[in-house]
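Analysis of the macromolecular model
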Amino acid sequence: MAQEVVETTQQFVMNSTFWTATIIFLLAYIIIVSEKIHKTIVALVGASLMIVLKILQQREAFHLEEFGVDWNVIFLLISMMIIVNLMRPTGFFEYIAIKSAKLGRGEPMRIMVIFAVVTAVLSATLDNVTTVLLLAPVTLLIADALEVDAIPFLIAEALASNIGGTATLIGDPPNIMIASKARLDFMDFIYNLTPAIIVIMVVFLFVLKLIFGKKLHVKPELKQRVMEMNEREAIKDPLMLKKSLFVLGIVVIGFVLHGKFNYEPATVALFGAGLLLLLSGTKEPHHVLAEVEWPTIFFFIGLFILVGGVVKVGLIKWMSLEMLDLTQGNLLATSMIVMWFSAIASSIVDNIPYVATMNSLIIDMAKQLWPQETGLALLQHTDLLPIWWSLALGACLGGNGTAIGASANVIVVGMAERAGKKISFIRFLAYGTPIMILTVFISMIYVWLRYYVLKI
Amino acid sequence: MKAKDIMEPITSYLSPDNTLKETVNRMRVTSRGENKVGVKGLLVLDEEKNLVGIVSIKDILKAIIPSYMSLMELGDFTWDGMLEEMAKKVADKKVSEIMTREVISVPDDAPLMECANLMVSKNLQRIPVVNNEKKIVGIIYVRDLYYAIVKALLDKEN
């Protein structure tokens, strides 16, 4: 784990290279936010310009984590996507969803709470988009069966997925990126973020009950429809399901132990993906591999290089100096600013480019604060850790703020619309923003209490 | 023989603004051939009588199946009465939302083999026939082609 961080001692000067890189970076981000051109294309063009215009050497972009692609993130994402793609046809996710609905005995409020918990737990293990893609169709079906409005359920799931995803290293891309950059392991996230998320989840469920508890009532004969569904019929391939759960078990154990045995999370996931491909007995891996979300993967690749360019010319260092200026080196203030700023930024723009930038900014800031430290001692400086956790909590939970704050929200809104149930931007906002503010507020108290008062 | 020799006249059609309910009723009362009533598909023409789509029974089935059903394997978890419920829910859907937009048509001087080949390769039941100005002049049903084959085979024997 303790790979040395490459020293960046070069002082930055605001010369033409600096401005070229800054302009490419800003233009790319503006176009990405405007959504006029697909974000992956923008990121790749911007990344290639960084190399073509000699801001980065190709070697730096492709082989140095500091200035280029973080392959740990890329392979972790690809591998987890392969595992899910292999699991999907087994019917496992349909089984879980139908089983959950029956566990709720056809009571809409119980079903909403159970679905929210299942969404959160699945999102902590798989990525959020996958989770809502797998649960939302069943939610729409159950809502039709019970003749209730599906929209509260869908919004609750999107929110739960962003909350649950925050809990673990693999739950949400910002965490994967932070973990890789700060060399934090799976258990670090479990110790530091999961407790906060459990508290937040309990409060969230309570709020759900408060808002919807009174409104949702269903005739007994409609409940019967749900109770008569046989979840066992969902299982299409029991043998493959067993193999999948076996491999998923190994992967989870691998994640828990990866820090201890000095493996990167990507190694664990890659091993799982390879093993499950082997066990699946497929002779044609083509379609499984084709279903990997390559646009997302290439978006990451492009972003890493884009950010690498502005890290190299010193833009990020300049930003970090500005931030230190703002907080006067007060670390509690820095944590809080990072958390709230991240939350607000992530509720408006994609949190992936945001975190890619913030990661570098925080490291540059750490270098100013503790110039004598290097490597792990710098990245995981006791006083820096709360800032990483603040970034993770802010960036992940901020996604709940608006309908476009997180991919899971976008997916849910899109799916609802296709089913003829339009969720307006304002309607999502009405639930999302208060929940975002509430959850970030709880996180704020948590970080303050745990790291600055109790210091545990 | 060419398409125009076997085509049937257009006796009824839909406009894009018709509702699903109006559509099924129109299909129910539209005459088929000389003395039968009820068709399994209708053309959709705009105000200038341009062909903009086609609606078949299959399109109507697709329209009443909820979109989420195709996202996952949920066929096992449906209930008695769901089909009827869903049909009522989408009764006011517009033809423009449910029609097949890419309509394959043939010119009126197309050889019958071209029509037959299209029916089989594109899995069609009916092909609209258009003139030089791209206006609809008739429609060929799969049965019309079949009758042409019957005629060719049995006439020779006679």
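Residues numbered from 1 in each chain as written. Chains lettered and ligands numbered in written order. Predicted model: local features only at pLDDT ≥ 70, side-chain atom pairs only at ≥ 80, totals over all residues.

1. Some remarks on the overall build of chain A
Along chain A, the regular secondary structure elements total 23 helices and 0 strands. Compactness check: chain A gives a C-alpha radius of gyration of 22 Å against a globular reference of 23 Å for 456 residues, within 12% of the reference. Of all 456 residues assigned to chain A, the portion counted as buried reaches 52%. Excluding contacts between residues fewer than 6 apart, the proportion of contacts in chain A whose partners are at least 24 apart in sequence is 81%. (Helix = DSSP H or I, 4+ residues; strand = E, 2+ residues; numbered from the N terminus. Rg over C-alpha atoms; globule rule 2.2 N^0.38 Å. Buried ≥ 20, exposed ≤ 12 C-beta atoms within 10 Å, placed from the backbone. Contact = placed C-beta atoms within 7 Å.)

2. A short note on the overall build of chain B
For chain B, the helix and strand inventory stands at 7 helices and 7 strands. When the elements of chain B are put in sequence order from the N terminus, they spell out α-α-β-β-β-β-α-α-α-β-α-β-β-α. Per-residue burial over chain B gives 22% buried out of 158 residues. Taking as baseline every contact in chain B between residues at least 6 positions apart, the subset at least 24 positions apart corresponds to 61%.

3. Comments concerning the environment of L429(A)
Tracing the backbone shows L429(A) in helix α23 (residues 425-453). Taking C-alpha positions, L429(A) is 9.8 Å from I404(A), a pair spaced 25 residues apart along the chain.

4. What to know about helix α4 (residues 71-87) of chain A
Helix length check: α4(A) (17 residues) gives 24 Å between terminal C-alpha atoms against 24 Å at 1.5 Å per residue, within 8%. Here α4(A) lies mainly inside the structure; 14 of its 17 residues are buried. (Expected span 1.5 Å × (residues − 1).)

5. Digging into the environment of I178(A)
All names here are of chain A. Topologically, I178 is positioned in helix α9 (residues 173-182). When the 24 C-beta atoms within 10 Å are taken as the criterion, I178 is described as buried. Along the primary structure I178 and V355 are separated by 177 residues, whereas in three dimensions their C-alpha atoms are 7.6 Å apart. Excluding residues that lie within four positions of it along the chain, I178 makes contacts with L184, V355, N359, W388, L391 and A392.

6. Structural notes on the pairing of strand β6 (residues 126-130) of chain B
Residue and element names in this part refer to chain B. Taking burial as the measure, the 5 residues of β6 include 5 buried ones, the bulk of the element. Inspection of the sheet shows strand β5 (residues 106-107) paired to β6 by 2 bridges, in the parallel sense. Paired with V106 across the bridge in β6 is V129. For β6 and strand β7 (residues 136-141), the ladder comprises 5 bridges, and the chain directions are antiparallel. If you follow I127 over to β7, its bridge partner there is I140. Adjacent in sequence and paired antiparallel, β6 and β7 are bridged by 5 residues, among which K134 carries a positive phi angle near 65 degrees. (Pairing = 2+ DSSP bridges.)

7. A closer look at the sheet that holds β7(B)
Taken in spatial order, the 3 strands of this open sheet run β5-β6-β7 (chain B), and their pairing is mixed. In this open sheet, the two edge strands, each paired with only one partner strand, are β5 and β7 of chain B.

8. Here's the deal with the packing of helix α19 (residues 351-369) of chain A against helix α21 (residues 385-398) of chain A
Residues and elements named next belong to chain A. Contact geometry for α19 and α21: axes closest at 11 Å, N-to-C directions at 170 degrees. It follows from the interaxial angle that α19 and α21 lie roughly antiparallel. Along the contact surface, α19 presents N351, Y354, V355, M358 and I362, while α21 presents I387, W388, L391, A395 and G398. Class assignment of the residues belonging to the contact of α19 with α21 gives a composition of 8 nonpolar, 2 polar and no charged. (Axes fitted to C-alpha atoms, helices over the stretch in contact; angles between N-to-C directions. Parallel < 35°, antiparallel > 145°, perpendicular 65-115°, else oblique. Nonpolar A, V, L, I, M, F, W, Y, C, P; charged D, E, K, R; others polar.)

9. Overview of the domain arrangement of chain A
All names here are of chain A. Partitioning chain A into domains gives domain 1 (16-69 + 295-406 + 435-453) and domain 2 (73-290). Each of domain 1 and domain 2 has a C-alpha centre, and these two points are 27 Å apart. Elements with a contribution of two residues or more to the side of domain 1 that touches domain 2: α16 (294-313), α19, α20 (375-379), α21 and α23. No other element matches α21, which puts 8 residues into the side of domain 1 that touches domain 2. Broken down by class, the residue content of the side of domain 1 that touches domain 2 amounts to 23 nonpolar, 7 polar and no charged. (Domains from an automatic or database assignment.)

10. Focus: the interface of chain A and chain B
Taken together, the contact pairs 17 residues of chain A with 10 residues of chain B. When contributions to the side of chain A that touches chain B are tallied by element, the ones reaching two or more residues are α5 (92-103), α7 (128-146) and α22 (407-418) of chain A. Looking at the side of chain A that touches chain B element by element, the count peaks at 6 residues for α7(A). Within the side of chain A that touches chain B, the residues separate by chemical class into 10 nonpolar, 1 polar and 6 charged.

11. Comments concerning the confidence of the model for chain A
Per-residue pLDDT for chain A has a mean of 91; in total, 97% of the residues score no lower than 70. Between residues 1-10 of chain A, whose pLDDT stays under 50, and residues either more than four places distant or in other chains, the model counts 13 contacts. (pLDDT = per-residue confidence, 0-100.)

12. Some details on the nonpolar core
M50(A), I83(A), L154(A), W388(A), L391(A) and V412(A) are the most contacted members of the largest nonpolar core, which totals 158 residues. Built from parts of two domains, this core gets at least three residues from each of domain 1 (16-69 + 295-406 + 435-453) and domain 2 (73-290) of chain A. Leave out the neighbours within four places in its chain, and W388(A) touches I178(A), A182(A), L184(A) and I362(A). Residues L42(B), V95(B), M99(B) and I140(B) belong to the second largest nonpolar core, which totals 21 residues. (Core = buried A, V, L, I, M, F, W, Y, C linked by C-beta atoms within 7 Å.)

13. Overview of the pairing of strand β3 (residues 41-45) of chain B
Residues and elements named next belong to chain B. Burial within β3 is extensive, with 4 of its 5 residues counted as buried. Two elements, β3 and strand β4 (residues 51-56), share 5 bridges in a ladder whose sense is antiparallel. Each bridged residue has a counterpart across the sheet, and for L42 the counterpart in β4 is V55. In textbook terms, the turn of a hairpin is the stretch between consecutive antiparallel strands, and for β3 and β4 this stretch comprises 5 residues, one of which, K49, has a positive phi near 65 degrees.

14. A look at unusual backbone geometry
Notably, E35(A) is not glycine yet its phi reads approximately 60 degrees, a positive angle. One can find E35(A) in the loop between α1 (16-34) and α2 (39-52). C-beta crowding within 10 Å serves as the criterion here: with 11 such atoms nearby, E35(A) is assigned to the exposed category. The phi angle at K134(B) is positive, at roughly 65 degrees, despite the residue not being glycine. Looking at the element boundaries, K134(B) is found in the loop between β6 and β7. Assessed through the 10 C-beta atoms surrounding it within 10 Å, K134(B) is described here as exposed.

15. A closer look at α5(A)
All names here are of chain A. A rise of 1.5 Å per residue sets the reference length of α5, with its 12 residues, at 16 Å; its end C-alpha atoms lie 16 Å apart and thus fit the reference within 8%. Inspection of α5 places F92, F93, E94, A97, I98, S100 and A101 among the buried residues, and these make up the whole buried set. The inward-facing, buried residues of α5 abut α4, α6 (108-125), α7, α12 (220-227) and α13 (238-257). Immediately downstream of α5, the backbone of R105 shows phi near 50 degrees, a positive value.

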